[in-house]
Amino acid sequence: MSSERWESAEHLFLELEELAVDERSRRLQEIGRGDPAMAAALTRLLAAAGRSQGFLESPVELMAAGEAPPGDDESEPAPDDRLGPYRLLHEVGRGGMSVVYAAHRADASYEQQVAVKVIRREIASPAIEQRFRAERQILARLEHPGIARIIDGGSSEDGRLYVVLEWVEGTALDLYCHQRRLSVEQRLRLFRRVLDAVGHAHRNLVVHRDLKPSNILVTAEGEPKLLDFGIAKLLDPAQWPLAPDETEAWVRLMTPRYANPEQRRGEAVTTGSDLYSLGVLLHELLTGHSPDPGVAASTPAPSSLVIGRDGAGAEEARRVAEERDTSPEGLRRSLRGDLDAILGTALAVDPEQRYRSVELLDEDLRRHLEGFPVRARPDRWTYRTGRFLSRHRLAAGLVALLMTVVSALGVTSWRQSLLLASERDEARLAQRRAERLVGFVQEVFQVAVEGEALTLRQAVERSARSLEGKLVDQPGDRAELLEITGNIYRDLGIYDLAEVQLEEALQIRRGLDGGDSLAVASLLGTLGTVAGWQNRLDAGETRIREGLSIVAASPRAEDRDVAVLLTDLVSLLCLKGDFQRADEPSEEALELARAAFEDGESDKARAFAGRARVLTSTGRNSAAIPLYREAVRLHRLAYGPDHPERVALLNNLGLAYRQEGQIRDALELLGQAVVLQRRLRGADNPGLAAPLKNLGDLQLAAGELAAAEESYRASSAIMEQAFSPAHFAVWVNRAGIASVRLRQGRAEAGEALLRDWLEQWGSRLESPYLRGLGESVLGECLTAQGRYAEAEPLLTRSYRAIRDHQGPDSAKTALARDRWKALYRAWGRPQPDLTDS
């Protein structure tokens, strides 16, 4: 085909792509009256472009066939035919260049289901074969879990080339998101995995050139797989002598809806071509609309597209929002600002204004998800401040509250100094104390927003240094300030700094008030919970019990003092997994709290939640769920809907629903807990680890393996960063990932994960229950490998440990028991009697 004729064909194809079906048919008839061959070629192109569910096909392939009408398919391979060692099962896709079959390896080596792509006989030519070989070499170069990998290749008996590819059972990216009503955040996280695969191709100097939903399948486990490198371009063709001549006109065809302006004009293709296509994909996933091709910069902001103004538009807006698990107004708020700017940059008409790499686009999405300023928006102080507040709403709330309280204290002191001259010195002292606290809070806030990527911990560490050496000659004031800041750090999950502040406050209080004051007892309870979160469980329990002893001996102690410390003890014992020992104190704390606290006091909600957690963890879910619901109500009265303790309540209520077998309800609650925790405390806060781990357990139970692994890894990374790789939460998350490997049929990989951690850190596990959680999974890994004698002691010991801590009726005990029974079924041996052991 001459270059002039190609130009004509390309323009006509792009024109027809934009027409409605009826108009397209009339236009094709008009073209056919003057040029039948052109109309036939265009018809084939449109047919190929419209097969959106095709496996590994692209519209370029039909143009490569020339203008002759396709011949019959009698000469094509048929089901049960053999290509090398592969037996064809059935056809799954067809393009202009190739036919794709489901197949499996049928020789004596092993069984494996695959996809086999074969060049169509009628269009075989040296140029087509050259392109096919290039595709095989491109795929061989790409080794990434998000890219369908090449397995084999060869030629049939009649000399036609074929390639054998990983079989991908999945759903097109857009359909997967819609069917599961994924939220904007979930879509962004899934899309980032797509970016990781495309980035791998780019780093290997490969441009895909045909990125669209049908070429990105998502498996049932939530793993995206990038398909079809049939028209991919190698950025350094000198490395590959088999790469076809890129000046051939047919390789310039693309899917117009996802092509950037340069591709449409036939200009040089770079990685920017894929970046623009990714921008279109993301626009569709988030808004339900496609941007105007080639003129995206002049289209309305994406957030403005999701609010319908009239009847039909409003109904469409509701439909789009519901597919994203929100309302039209909620969707608009999610998109407005950062995502508007990110999409605008990705879809800029001028290539110089777009993202320069997939990594930069991915980085902006990460920053948006974690609450940091994105690069696509102007760097203004007000914007950076707003992102900090969004990222650390809890910190902002504490700052606002403290500023209000201490400012009021300063004003009150000033008034008192005017009215009571005899107490002027005391009033001035109170005012100075207030001013110091105001100054400290202001410093925390100012430092936090100075750097756009500064974490809350970095801000607190800098600000904490301002306390060094201050108020040493006023120990009462210093103790008060240390206790306030220590509790702030505790609430923010920065436990090591909290302990430093609270420990010094404790020593000062002991010196001022004696060792048996109620203030000392309260500090001991707080320090005990902080130690527990640092994996010093026995030390934490000792501290809390010391506080309880002080309260028990104090004639000034009230029921509320006892209830608070008992609730602290329950929390610590639950963290240890000692639910049986937590039973009595949780019941006593609840009874005291019912009488001692009003509904608006948070300690009442904590007592209800503590008792409910013990009941849930010992298999008494029907009694626990009403208590959890009451705890949620009481907590909302005390703090409103956005408070970090609400995260724990949602988390634990979700676990109670899980124990009752209500997996979907539990998933929804755990998802809310994770989102709330990220919003309040940031993405790297230790308090996020527990709900993430529990969310992973639920996702595993629901068969969402990729999502489960992501949750486990995120939880583990947080704990490793906050504490150390030896923290028990890292071990428990390893067990979760090992369970994912088991479900994937990779028992050896699961075993390796667990043994590696045990060899390095296993001696530090204090709790038999926590050790048992991992050993139970390790035993299952060994059972799956037929290593029954090795599995038996692990499964027996872990079952007993979990049963003793959780009770015989808990879900975790049932799971450990099922693994133990499965061992003996697989082994073919009778089960021993463990009922009395």
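Residues numbered from 1 in each chain as written. Predicted model: local features only at pLDDT ≥ 70, side-chain atom pairs only at ≥ 80, totals over all residues. Heavy atoms only, no water.

Peer 1: What is the right way to read the packing of helix α23 (residues 579-596) against helix α24 (residues 602-617) from this model?
Peer 2: The description of two packed helices rests on the angle between their axes and on the distance between the axes. Between α23 and α24, the least distance of the axes is 8 Å, while the angle of their chain directions is 150 degrees. For the element pair α23 / α24, the angle class is roughly antiparallel. As α23 packs across α24, the resulting crossing turns out to be left-handed. Contacts between α23 and α24 involve Phe-579, Ala-582, Asp-583, Ser-586, Glu-587, Ala-589, Leu-590, Ala-593 and Arg-594 from the former and Lys-604, Ala-607, Phe-608, Gly-610, Arg-611, Arg-613, Val-614 and Ser-617 from the latter. Here the residues of the contact of α23 with α24 are counted per class, giving 8 nonpolar, 3 polar and 6 charged. (Axes fitted to C-alpha atoms, helices over the stretch in contact; angles between N-to-C directions. Helix = DSSP H or I, 4+ residues; strand = E, 2+ residues; numbered from the N terminus. Parallel < 35°, antiparallel > 145°, perpendicular 65-115°, else oblique. Left-handed = near helix turned anticlockwise from the far one by under 90°. Contact = heavy atoms within 4.5 Å. Nonpolar A, V, L, I, M, F, W, Y, C, P; charged D, E, K, R; others polar.)

Peer 1: What is the right way to look at the pattern of salt bridges in this model?
Peer 2: Side-chain pairs of opposite charge can arise whenever the charged atoms involved come near each other. What the rule picks out here adds up to 44 salt bridges. Its salt-bridge partner being Glu-751, residue Arg-787 comes within 2.8 Å of it at the nearest N-O pair. Of this pair, Arg-787 sits in the loop between α32 (768-784) and α33 (788-806) while Glu-751 is found in helix α31 (residues 747-761), placing the two residues 36 residues apart along the sequence. With a closest N to O distance of 2.9 Å, Glu-775 and Arg-771 form a salt bridge. Note that Glu-775 and Arg-771 are positioned in helix α32 at a spacing of 4 residues, about one turn of the helix. Because the salt bridges share partners, they merge into one network encompassing Asp-538, Glu-541, Arg-545, Lys-576, Asp-578 and Arg-581. (Salt bridge = Lys/Arg side-chain N within 4 Å of Asp/Glu carboxyl O.)

Peer 1: Is there a simple way to think about the packing of aromatic side chains in this case?
Peer 2: Aromatic ring pairs are described here by two measures, namely the spacing of the ring centres and the angle between the planes. The tally for this structure, following the rule as stated, stands at 7 aromatic pairs. Between Phe-579 and Tyr-769, the aromatic rings sit 6.3 Å apart at their centres with planes inclined by 80 degrees, giving edge-to-face as the arrangement. Remark: Tyr-769 occurs in helix α32 and Phe-579 occurs in helix α23; sequence separation between them is 190 residues. No difference in accessibility class separates Phe-579 from Tyr-769, as the two residues are buried. Measuring from ring centre to ring centre gives 6.1 Å for Tyr-799 and Trp-820, while their planes differ by 15 degrees; the resulting arrangement is stacked. Of this pair, Tyr-799 sits in helix α33 while Trp-820 is found in helix α34 (residues 811-827), placing the two residues 21 residues apart along the sequence. A relative accessible area of 5% means that Trp-820 is categorised as buried. (Phe/Tyr/Trp six-rings, centres within 6.5 Å; stacked < 30°, edge-to-face > 60°. Buried < 20%, exposed > 50% of the residue type's maximum accessible area, 1.4 Å probe, protein only.)

Peer 1: I tried to follow α31 on my own but got confused; where do I start?
Peer 2: Along an α-helix, residues three or four positions apart point the same way, because every turn accommodates 3.6 residues. With 15 residues, α31 should cover 21 Å at 1.5 Å per step; its first-to-last C-alpha distance of 21 Å lies within 8% of that length. What α31 keeps buried is the set Ala-747, Gly-750, Glu-751, Leu-753, Leu-754, Trp-757, Leu-758 and Trp-761. Angularly, the buried residues of α31 cover 160 degrees about the axis, an arc narrow enough to put them on a single face. Buried residues belonging to α31 abut α30 (728-743) and α32. (Expected span 1.5 Å × (residues − 1). Arc of directions from axis to C-beta.)

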